[in-house]
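Chain by chain, the residues:
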Amino acid sequence: MFVDLDYLNRIKISAVPNFQKVIGHLVLTPNYHLFSKVDIRIDGVEHIPKDENVILAMNHTDRFNYWPLQYKLWKLKEYPYTTVWVKGKYYRNAVLAKMLDWCNLIPVPSMKYLIEEMFEKKVGRRLKEDEYRAIKDLVDGRIEALGAASNRGLELAAQIHDDFMEFIRHYYASVMDRVAELSITAIVEKKLNVIIFPEGTRSTTLGEGKTGMAQLAAGTKTTIVPIGCNNSDALYPGSSPFAKSGQVIYRVGEPLSFDGALRDLRIDEDFKIFSAESREKYEDVFNEITRIAMERINALVDERYRLTLPA
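Quantities reported herein were computed from a predicted structural model and do not represent experimental measurements.

Asker: Please set out the sheet that holds strand β1 (residues 38-43) residue by residue, giving values where relevant.
Answerer: In space, the seven strands of this open sheet follow the order β1-β7-β6-β2-β5-β3-β4, with mixed pairing throughout. The open sheet has two free edges, formed respectively by β1 and β4 (106-108), since each of these has just one partner strand. Put simply, the sheet's adjacent strands are angled 25 degrees from each other on average, direction ignored. Where strand β2 (residues 55-58) meets strand β5 (residues 193-196), three bridges bridge the pair, whose relative direction is parallel.

Structural data, given as structure tokens:
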């Protein structure tokens, strides 16, 4: 399954994600209480607002570390339902893609994902890593510095689409416009909390944060609640969606609001979320919001997950 613009346009965000409740009743409840014994602890849960929709910013240690958090908040019956930003590559399996849609999640296709999927669809094979790098260097405008290597990139890009560089920049912008629209709908219209992994990928040790979360937060004036997830990787050590017995501890930090801790980084004028223009104009603001959020998450995880962050 290819998460292209047409696919994103078909996604409908629900205020009450009923399939999440199905998963909770039929999969997680027997898993956590019958077949395994899973103790879910949320320290500082009072920092998650009950009457405000927020971004829950969390480290991403394993494939399923948002499940115990969603489950516990659902069982408490006092907090909004959630949606989650999910990598586009998880939609390659058609059955899994349908389940992710039913679960009310938002796919966020990366530039790499789009290039790889377009190439495979057109040429019939997957791109090698060095081939992707050759194409991406062209997209990033590094042709002059590459010399002969740029010719290989041009040849590969031409197999995907005529005038590929212009096409992919425009297409990626349109895709991210739709991701922004879905995210805004989730927060503003459907009153959902959005779980975002700022690293953008799984890693036991906390990695560098990307600025997508900061752009969404700044553009919608949505409070960021930092969460440190601890020991979920021991419950979900591989690709199985069934947890082993153990305890997972979520530590919730104080909210980062644009009327409070982030007041000096508030952008009062409207801007287009995820656009190249806003990234260029507010790069320092987005980087600083991201730095603060990652610093807070880093303080909420156990030592083995921590990264020494730049000052």
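Asker: So what's going on with the pattern of salt bridges? Residues and values would help.
Answerer: Counted by the stated rule, this structure contains 20 salt bridges. Taking the shortest distance from any N to any O, the salt bridge between K272 and D177 comes out at 3.2 Å. One end of the pair, K272, is in the loop between β7 (246-252) and α12 (276-281); the other, D177, is in helix α9 (residues 164-189), with 95 residues separating them in the sequence. For E303, the salt bridge goes to R306, with nearest N and O atoms at 3.1 Å. In this structure E303 comes out as exposed when scored by relative accessible area, which is 59%. Residue R306 is classed as partly exposed on the basis of its relative accessible area, which comes to 36%. Overlapping salt bridges, with partners in common, bring together R92, E116, E117, E120 and R126 in one network.

Asker: So what about the state of the cysteines? Which residues, and what values?
Answerer: Across all of its chains, the model carries zero disulfides by this definition. Free of any disulfide, C229 has its nearest cysteine sulfur in C103, 18 Å distant. A relative accessible area of 0% means that C229 is categorised as buried.

Asker: Please give an account of the packing of aromatic side chains that cites residues and values.
Answerer: For the structure on display, the rule yields 14 aromatic pairs. Seen in terms of ring centroids, F2 and Y113 are 6.0 Å apart; in terms of plane orientation they differ by 50 degrees. Their pairing is tilted. On the criterion of sequence distance, the pair formed by F2 in the segment before α1 (5-10) and Y113 in helix α5 (residues 111-123) is long-range, its members being 111 residues apart. Residue F2 is classed as buried on the basis of its relative accessible area, which comes to 17%. Under the relative-accessibility criterion, Y113 is labelled buried at 4%. Each ring, one from F64 and one from Y236, has its centre 5.3 Å from the other, and the planes form 45 degrees; the classification is tilted.

Asker: Which residues make up the pairing of β1, and what values do they have?
Answerer: Side chains V38, I40 and I42 project from β1 onto a buried face, and the interleaved D39, R41 and D43 project onto a face without burial. Sheet topology places β1 next to β7; six bridges connect them, and they run parallel. Bridging across to β7, R41 finds its partner in I249.

Asker: Would you mind going over a nonpolar patch on the surface in detail, with residue names and values included?
Answerer: Taken together, the side chains of V95, L96, M99 and W102 present a nonpolar region at the surface, about 390 Å² in accessible area. Of note, V95 is situated in helix α4 (residues 94-102). Exposure remark for V95: the relative accessible area of 58% places this residue in the exposed category.

Asker: Give me the packing of helix α10 (residues 212-220) against helix α13 (residues 283-300): which residues, what numbers.
Answerer: At a minimum axis separation of 8 Å, α10 and α13 run at an interaxial angle of 110 degrees. Viewed along their axes, α10 and α13 adopt a mutual orientation that is roughly perpendicular. Mapping the contact onto sequence places M213, A214, Q215 and A218 in α10 and F286, I289, T290 and A293 in α13. Class assignment for the residues of the contact of α10 with α13 results in six nonpolar, two polar and no charged.

Asker: Could you give an account of the environment of E295, naming the residues involved and the relevant values?
Answerer: Counting through the fold element by element, E295 comes out in helix α13. In the structure, E295 is positioned 69 residues away from P226 in sequence and 9.2 Å away in space, judged by C-alpha atoms.

About the cut-offs
- Residues numbered from 1 in each chain as written.
- Predicted model: local features only at pLDDT ≥ 70, side-chain atom pairs only at ≥ 80, totals over all residues.
- Heavy atoms only, no water.
- Pairing = 2+ DSSP bridges.
- Helix = DSSP H or I, 4+ residues; strand = E, 2+ residues; numbered from the N terminus.
- Axes fitted to C-alpha atoms, helices over the stretch in contact; angles between N-to-C directions.
- Salt bridge = Lys/Arg side-chain N within 4 Å of Asp/Glu carboxyl O.
- Buried < 20%, exposed > 50% of the residue type's maximum accessible area, 1.4 Å probe, protein only.
- Disulfide = S-S within 2.5 Å.
- Phe/Tyr/Trp six-rings, centres within 6.5 Å; stacked < 30°, edge-to-face > 60°.
- Patch = residues over 30% accessible without salt bridge, like charges linked within 9 Å, V, L, I, M, F, W, Y side chains within 5 Å.
- Areas by Shrake-Rupley, 256 points an atom, 1.4 Å probe, with all protein chains shown as cover.
- Parallel < 35°, antiparallel > 145°, perpendicular 65-115°, else oblique.
- Contact = heavy atoms within 4.5 Å.
- Nonpolar A, V, L, I, M, F, W, Y, C, P; charged D, E, K, R; others polar.

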